[in-house]
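# Structural overview for review
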Amino acid sequence: MKLYSLSVLYKGDYKVHLLKSAYDVSSFSFFQRSSVQEFMTFTSQLIVERSDKGSRSSVKEQEYLCHVYVRNDSLAGVVIADAEYPQRVCFTLLDKVLEEFATQVDRIDWPSGSPATIQYNALDSHLAKYQNPRDADPMSKVQAELDETKIILVSKG
């Protein structure tokens, strides 16, 4: 299970633009990293562009699953993960990040913001924390413990 990208974007009337992003492309070769990162940025913008305000969806692109949430206030988030990563945890992460972003970054700055001008530095730590959904998400931890209990009960039965 792996998270590759976490992005916050603004869905304007005519254009979607990236406000802030974090990437984990360490699993790719050094020479692939920049093109993989560009692909993820482009895909994130394209998916937000094609999504309606107030919607959540998951889109398969090559071997990745792109989870997108566009809020009614035009703030959008995209998580790009592998197919094994739990969808519910991705949307929990997006909810948390967009809410945090909205309280820390003035709404006036969203339409004209860019990664260089927006002061919000929590994406890298969120991306790192959520690499293991069991550690980051209490529901995943409980589900994993239930699964382990079931295995023990079945093997002793």
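Each remark here, short or long, concerns the structure printed above.
Everything in this summary refers to the structure shown in the same document. (Residues numbered from 1 in each chain as written. Predicted model: local features only at pLDDT ≥ 70, side-chain atom pairs only at ≥ 80, totals over all residues. Heavy atoms only, no water.)

### As for the pattern of salt bridges
Note that side chains of opposite charge can pair when their charged atoms are close. Scanning the entire structure with this criterion turns up four salt bridges. For arginine 71, the salt bridge goes to aspartate 73, with nearest N and O atoms at 2.6 Å. Each member of the pair, arginine 71 as well as aspartate 73, is classed as buried. Note that arginine 71 is salt-bridged to glutamate 99, the shortest N-O span being 3.4 Å. Placement of arginine 71 in the loop between strand E4 (64–70) and strand E5 (75–82) and of glutamate 99 in helix H2 (residues 87–104) is noted, with a sequence separation of 28 residues between them. With relative accessibility at 46%, the residue glutamate 99 sits in the partly exposed group. (Salt bridge = Lys/Arg side-chain N within 4 Å of Asp/Glu carboxyl O. Buried < 20%, exposed > 50% of the residue type's maximum accessible area, 1.4 Å probe, protein only. Helix = DSSP H or I, 4+ residues; strand = E, 2+ residues; numbered from the N terminus.)

### A few points about the packing of aromatic side chains
Within a pair of aromatic rings, the relevant descriptors are the distance that separates the centres and the angle that separates the planes. Taken as a whole and judged by the stated rule, the model has six aromatic pairs. Where tyrosine 4 meets tyrosine 64, the ring centres are 5.4 Å apart and the plane angle is 85°; that geometry is what we call edge-to-face. Highlighted residues: tyrosine 4 in strand E1 (residues 3–11) and tyrosine 64 in strand E4, separated in sequence by 60 residues. Look at tyrosine 4 and you get buried, because its relative accessible area is 12%. For the ring pair phenylalanine 30 and phenylalanine 31, a centre distance of 5.5 Å and an interplane angle of 80° mean the geometry is edge-to-face. Assessed through its relative accessible area of 62%, phenylalanine 30 is described here as exposed. The structure contains a cluster of three or more aromatic residues connected by ring pairs, namely Tyr4, Phe28, Phe39 and Tyr64. In this arrangement the basic side chain of arginine 56 is found over the ring face of tyrosine 69, its NZ or CZ atom lying 3.9 Å from the centre. (Phe/Tyr/Trp six-rings, centres within 6.5 Å; stacked < 30°, edge-to-face > 60°. Lys NZ or Arg CZ within 6 Å of the ring centre and 35° of its normal.)

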